[in-house]
Structures are given as structure tokens and as C-alpha cells.
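The lines below spell out each chain.
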Amino acid sequence: IPKKKTSSYQFDIVTNNNHSCSDRSKWAVLQALASTVNRDPTAPHYMFQDDPYLTPRTSAEFKLYSLSQESGRMAANHIVNKNPKFFQKDFAEPHIPCLMPETMELCIEEVSEAALLERIMLRKVKAAVDMYDQLLQAGTTVSPDASNDLLDLICLYGDRDPVQDDKPEAEDVQEEGRRRKGRLRRASDLVRIVWRENNNAERIFNLLPERDTRAYSALIRGMVKYGAHVKAFNTYTDMLNNRLTADVHTFNALISAAPEVRERYTEKWDLIVDLLNQMNEQKVKPNLLTFNALLKALRRCGSLARAQSLHTLSEMKAMGIAPSLASFDHVLGIFYKAGQTDILQEVMTEVAGRTFVAQDPDDGMPVCLDTKDIEAAYKVHDLLRVGENWRMLGDSFQQSIYYGRMFNLLCMMEHIDVVLKWYKELIPSLYYPNPQGMRDLLQALDTDNRLDMIPQIWKDIRRMGHDNKSDLVDELLSLMARDKHSPEIQESFAVCALDVKSLYEQGQGARMALEWTATAMTNITSVLLAAQKKQQAWDMLKLFKTKNRVPSEELMEEFLASIKSSNDPQHAMELVQISASFCLPSTPKLAERVLQAFELSEEQKTILSELEVSTEVSE
């Protein structure tokens, strides 16, 4: 095939386009290629595509494999950083710094300011404090910049070395599990560092010959971060007494701490207003984090919050500061807490089509799905598809929450055809439904009379590992057994019911086994009878006795109707005997109906009469 010539016009577009090569991003080519490829909804997450054997089928496997992969990556980094001499060859062109060993070992051993700066750069808090003390003992003067760098490091990490392997120290921590919403996912989530009295940060701060704004700011922010809110305000008062002005970061920390040092809503708001006035007096210009800290504090100011939050947004607009996702999230939190939901439409109109980047630790995609408003949910999801807004969803756990609630709302509000379209779009590439999600899907099938799809959904339930959840299995069986359908559908239901039966018969295995219940046995038997699987249904009826379960009277009526259609008096006799063995109250009535419906021998009639009498006597 001859190559197609590129026209000079096309060449000019590719090479020139009125932009020099230096103006383009170094990722421009990769970004252009990536824009031509869409996500494959039938494939798992791209992180698993290097090893098809480890492609997850369930949410548990997704969590296990992704954590294992990250654990392996961390282990590899640990080995590389602990043995840098074996990994000096740089094969990457251009150079990729993250693939090379990090300099973690100390190179400067003598007592000097250079050694102190090295320890600060490597974030070795305790080693840096020890070096600082040795310098003071030797009579060496430490420069103000180095002292402030050390103070910044100590306050950032709470006077302790940063945790490397998610094994926090036992001291200076307290439980915080009760404060976190949702599942606890890491050991570090269970603890929170607290500010110790007279710790190294305070000691070094008091040793400084000159305490400037930077030193006060570091100390105040550290106190706020680690819960010493009252002490932070006292330090700020001391700062003002020394005729120093605070910077914007200090005010941001104090505004966020204001609700912690006052009890009443009005007192909290008065303190925040006082801080804002002081910012104005000190000519400190607020930034986005200032307004976000204000909005977050307003969430704890009761009825004052609604009016003041709108005023805050207007002030942001007047100063030319665009709200971030955290800003809108706080506003929604304020109004939803008061039961007002109209603000959601205004917020969605404001953010529609915009691309967001993380500017605040609280930035994240808002999950506005509690209103049962499907149109608002679609707007949120459309926003997610703009640019790289999908990154704002957070980690895999937060993503599963978002997609789970989205899918729940779809099942509740949309037609089943739309639900199934989203089901194919989201699963398994983005979302692994939990058992409740699959129950929501079954209820959606029931609502729109599409129970014929239950066998297909059952295959997905098995693939996702939810086939050992008794509530989900009972829901599925009851839907199949409730109504009568066409022979084709009943046949597929019977195959599905026999597959469920095989799970019950597997016994205790690697996973939690299902235990037979009278309801599950009744539903399976009803499905088999409806599909004319008489022998399998008869086997199920005998299983009731084996598992010490009692069949319902309705099930015995279904059996009798099936036996009458095949005109089998022997099975009719056996049915009455089984009913009598369970001491069912309906046994005399069942025996009478058998006498009327079938031509029996004298011996069979005698047996039925005896069973009828014995049942009445036992009653």
C-alpha cells in the first residue's frame, strides 16, 4: 500500500501552528494520543492490565490486588533506597528522578549548620533536633533561616519523625476512629498526633534570639494542626504584644480553630469577625484557603451560617477569587443541614463545564445524591467527565462510595433500560457493586417487570463473590418463585435455582457457607415445579426432612396441582404421607382432596383415612 503524502498545509499545522516547540508541554504528544482512546467499560482498571491472572472479579479482590501492588511498589522503593549503591545505573532517557534511589542516608557527620540543614532536608526530625542542641552546646550560632526551617519541620510533623510504614508510635497519639466517617482503611487512620506540653517546637521557639513572623506562624499552625487551639490563640496574642503582624497562613489556621475555642454560635462568629478585622488592619490579603476556612467554620455556627456563607461567596467574587470544590461543598453542607436543597441547582449551574484542580485539602467531588434528584446526579457526573475532574473523587474507597450511591439512585429513579446501560458502563471498569447494590438492581428489575434477566444477573453475582450473602440469595429466589412466566423463562429460572442449590450443597469451604432455610428451600422447589422439573422438585421436598425444615402449606398445594396434571396417584399418596410426617394442619384437607381427585385402591384409601384420623388426633 503506497504511503499517503502529507500536504504542506498539514505539515505546517503539525510543526508550526504559530507555536514554537518550547511553548508546548512536554506531555503534549502523550496527551494528544490519550485523547483518542476511550475507556473500555468491559475491562478492569488499567492498573491490572499488566498481569491478566490478577484481574479482580470482586470488590474484595480489587482491594487485595491493588493494596498488594502498592505494597510491592513500596517494598521495591524501600530496597532501592536502603541499597542505593546497587542502583546507580540510569537507563531512562530522559532522566526520571523517581526511579533513582532517594538520598536517605546522612552524609555529613560533623557538628555544623550544613549537617543540620541536611537532616532537615531529609525530614529526620529527631536527628535535626539533636544536631541543633549540639550546635548550641558547642557555642555555634545557628542562622535564623536554619532555625526557622527546623521549627517548620517540627511543627509540620508534630515533633516526631514522619511515619514510614504506617506503624505510628504509641506516645503522643489518641484514638480518632470515632471521628471518621466510613470505613477505617489504614492503621494511621486510627490515631491522631496531639500537641505535647513544652515539646521541642516550643523549646526551640523560646531559645530563638529573635522571634519573627515566620517563627510565630510555624508554631501557631502546628498547634492548630495538632489540637492545641487555645494555646494557638495565646501564642497569637503574644505575637501581637511583640508588635508583629501575622501572615495569611496564620490567620487561616486561627479561623479554622475559632469554633474549637468558643461554645455559642454567636461567640464563634464574633471571634471569626474579629480575626477578619485584624486581617484588614494588618493589611493581610485573604486567599482561597482563607475563605474556605471561613466557610468550614460556618458549618459549626448554626443558623448564622446560611446568610454569612452567601455573603462570603459574594466577597470572594468581589476579590476575584474563584471558589474551589471545597467552597461549594461547605456551602452545600450548610444549607443541607438546614433542610434547604434549592441551593444545589445554583451550585451545579455555577460549576457546570469547569475544570477543577486541587487547591485545598478538602477539595473533592461533592456527592449530592441524598436529594433523590436524578437530574442533579447527572449534572454531577457530567462535571466529573470534564477534563481531569475525575481525579477529585479521591482514592478507590471514596470512588466506590460515589459510584455506589450513583448506582443506587439510578436503580431507584430510572427505567430499567437506563439502569442496565449504566450497569454495563460502570461495571467492572469503575465499580464493583456490594450486595446492597445488587439488591437495588434486582428491585429495579422487579419494578419494570424484567425478571427474565435474573439468571444473567445471578452470573454477575457469582462472579463478584456475593453468592454467599443469604439476604441477596433469598431476594433473588423469592423474585423467581413469586410469579409464573413463559416456559422459556421458567426453564432459565430452574437452571439458576439448581445453581443456587449447588451452592448450599457445597458445605463449609474457604468462604462462609450458606445455610438452608425453609424459605430458600420453598422458593427453589416452587421454581422447579413451575418449570416442570418434577423429579428435582421431589428431591427438594425430601430434603426438607433431612435438613429439619418444614415446608409451607402453599408449597404442598403446588405439589398437589403438579401431581394432578400428571395423574400420578402414587406420588399423591406419598405427598400426603410427607405432609403427615411434618404434622401439617392441612394434612386432612390434603388427604380429602387426593381422595376426590384420584382413583385409588381400597388399600390406598385405608391408608389415607388412617393418616387423616391420626393427624386429627395429634391436633
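That block above? That's the structure.
Analysis parameters
Residues numbered from 1 in each chain as written. Predicted model: local features only at pLDDT ≥ 70, side-chain atom pairs only at ≥ 80, totals over all residues. Heavy atoms only, no water. Helix = DSSP H or I, 4+ residues; strand = E, 2+ residues; numbered from the N terminus. Buried < 20%, exposed > 50% of the residue type's maximum accessible area, 1.4 Å probe, protein only. Contact = heavy atoms within 4.5 Å. Areas by Shrake-Rupley, 256 points an atom, 1.4 Å probe, with all protein chains shown as cover. Patch = residues over 30% accessible without salt bridge, like charges linked within 9 Å, V, L, I, M, F, W, Y side chains within 5 Å. Salt bridge = Lys/Arg side-chain N within 4 Å of Asp/Glu carboxyl O. Lys, Arg positive; Asp, Glu negative; His and termini not counted. Charge placed at Lys NZ, Arg CZ, Asp CG, Glu CD. Phe/Tyr/Trp six-rings, centres within 6.5 Å; stacked < 30°, edge-to-face > 60°. Core = buried A, V, L, I, M, F, W, Y, C linked by side-chain atoms within 4.5 Å.

Colleague: Help me understand the overall build of the protein, please; the structure alone is not making it clear to me.
Modeller: Across its full length, the protein carries 28 helices and two strands. Taking all 619 residues of the protein together, the buried fraction comes to 40%. A sequence separation of at least 24 residues applies to 64% of the contacts in the protein between residues at least 6 apart. As displayed, the protein offers around 35,400 Å² of accessible surface, 51% of which is attributable to carbon and sulfur atoms.

Colleague: Looking at this structure, I do not really get a negative patch on the surface. What am I missing?
Modeller: Taken together, the side chains of E263, E267, D270, D274 and E281 make up a negatively charged region of the molecular surface. Within the element layout of this structure, E281 appears in helix α11 (residues 265–281).

Colleague: Quick question: what am I supposed to make of the environment of N77 here?
Modeller: Along the chain, N77 falls in helix α3 (residues 59–82). Residues N77 and C98, 21 residues apart in the sequence, show an inter-C-alpha distance of 9.5 Å.

Colleague: Please clarify how the packing of aromatic side chains should be interpreted in this entry.
Modeller: Two measures describe an aromatic ring pair: the distance that separates the ring centres and the angle between the ring planes. One pass over the structure, following the stated rule, counts eight aromatic pairs. Ring centres of F407 and Y431 lie 6.3 Å apart, and the angle between their planes is 55°; this geometry places the pair in the tilted category. Residue F407 is found in helix α17 (residues 396–413), and its partner Y431 is found in the loop between α18 (416–426) and α19 (435–447); the two are separated by 24 residues along the sequence. Each ring, one from W538 and one from F559, has its centre 5.5 Å from the other, and the planes form 75°; the classification is edge-to-face. Pair noted here: W538 is in helix α24 (residues 534–546) and F559 is in helix α25 (residues 553–566), with a separation of 21 residues, a long-range link. Take W538 and F559: they sit in the same class, and that class is buried. Here the aromatic residues F407, Y423 and Y431 are joined through ring pairs into a cluster of three or more.

Colleague: Whenever I open this one, the side chain of N292 confuses me. Can you help?
Modeller: For N292, the location among the structural elements is in helix α12 (residues 288–298). When neighbours within four sequence positions are excluded, N292 is seen to be in contact with S324, A326, S327, H330 and D360.

Colleague: When you look at the nonpolar core in this model, what are you seeing that I'm missing?
Modeller: Within soluble globular proteins, side chains that are nonpolar generally end up buried alongside one another. Membership of the largest hydrophobic core comes to 155 residues, with the highest contact counts inside it found for L116, L150, L441, I454, L476, M480 and L575. In terms of residues, this core owes the most to one element, helix α10 (residues 248–261), which gives eight residues. L150 has contacts with L116, I120, A128, V129, Y132 and I204, leaving out every residue within four places of it along the chain.

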